[in-house]
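Coordinate inspection notes
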Amino acid sequence: MFSKPENPFRNFFLFLLAAFILSFVTSFLLVLILKLDLKANDLSGNIPWLQLPFMLLGEELFSFYVLIISLNFLQKNPQRMIIATLLSAFVFAIFHMMTYWNGSFLLTLIHVLLLQGCARILFNAAGVRSNSLYVPWLIHIVFDLITLGAISYF
């Protein structure tokens, strides 16, 4: 996963754009259509600029660890990539429960599964497609810097 990325610029922009579109559509669905009261990330408007890349590297390493372990465990399953990706996304989402806790287990679970979990699927796809951890890590950094920074202006 630390190899030279394949098509890094194409994969970076493709999956970053996909993450923004998915995030916008999901947020629109959750807030404007379902009228859910979502809690913002505490880092919104107060981003630890120097710490953020290292924090996100930890998230990427952990998520890809779950992905790789799951792939190895499911070797004989023809749907192993789909199952492993969904498991990695589920674990990633669950680890964000406390960050986005709004007092309701069900609403917070829906929030993190649809926003963070879906983003994780795209980050994983970027890593698999580029054959490198660098691309999803950079996507994650740019995505969080923009989304967490933009929230502070609204």
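The preceding data block contains the structure.
Note that the coordinates shown come from a computational prediction; the quantities given were computed from them, not determined experimentally.

Thresholds, definitions, all that
- Residues numbered from 1 in each chain as written.
- Predicted model: local features only at pLDDT ≥ 70, side-chain atom pairs only at ≥ 80, totals over all residues.
- Heavy atoms only, no water.
- Core = buried A, V, L, I, M, F, W, Y, C linked by side-chain atoms within 4.5 Å.
- Buried < 20%, exposed > 50% of the residue type's maximum accessible area, 1.4 Å probe, protein only.
- Helix = DSSP H or I, 4+ residues; strand = E, 2+ residues; numbered from the N terminus.
- Phe/Tyr/Trp six-rings, centres within 6.5 Å; stacked < 30°, edge-to-face > 60°.
- Lys NZ or Arg CZ within 6 Å of the ring centre and 35° of its normal.
- Patch = residues over 30% accessible without salt bridge, like charges linked within 9 Å, V, L, I, M, F, W, Y side chains within 5 Å.
- Areas by Shrake-Rupley, 256 points an atom, 1.4 Å probe, with all protein chains shown as cover.
- Salt bridge = Lys/Arg side-chain N within 4 Å of Asp/Glu carboxyl O.

**Some remarks on the nonpolar core**
- Counting 11 residues, the largest nonpolar core consists of F12, F15, L16, A19, A119, L122, F123, A126, V135, I139 and F143.
- Contributing elements (two or more residues each) for this core: α1 (8–33), α4 (105–130) and α5 (134–151).
- Residues L52, W137, I141 and L148 belong to the second largest nonpolar core, which totals six residues.

**Focus on the packing of aromatic side chains**
- Under the counting rule described, the total for this entry stands at five aromatic pairs.
- With a centroid separation of 4.9 Å and 85° between ring planes, the pair formed by F12 and F13 is classed as edge-to-face.
- The class for F12 is buried, based on a relative accessible area of 15%.
- When the ring of F20 is compared with that of F143, the centres are 5.0 Å apart and the planes differ by 35°; the resulting orientation is tilted. Of this pair, F20 sits in helix α1 while F143 sits in helix α5; the two residues are 123 residues apart in sequence, bridging distant segments of the chain.
- Under the relative-accessibility criterion, F143 is labelled buried at 8%.
- Members of the aromatic cluster, connected to one another through ring pairs, are F20, F123 and F143.
- Here the guanidinium or amino end of R120 rests over the ring plane of F92, the centre of that ring lying 4.9 Å away.

**Description of a nonpolar patch on the surface**
- Taken together, L17, I21, F24, V25, F28, L29, V31, L32, I33, L34 and L114 make up a surface patch of nonpolar side chains, about 1000 Å² in accessible area.
- When residues in the nonpolar patch are grouped by element, the largest group, nine residues, is from α1.

**Here we look at the pattern of salt bridges**
- Evaluation of the coordinates by the stated rule reveals two salt bridges.
- Where D42 meets K39, a salt bridge forms, and the shortest distance between an N and an O atom there is 2.9 Å.
- Judged by its relative accessible area of 59%, D42 is exposed.
- Judged by relative accessible area, which is 25%, K39 ranks as partly exposed.
- With its nearest N and O atoms 2.7 Å apart, the salt bridge here joins R120 to E60. Of this pair, R120 sits in helix α4 while E60 sits in helix α2 (residues 52–73), placing them 60 residues apart in sequence.
- Of the residues examined, R120 reaches a relative accessible area of 0% and is grouped as buried.

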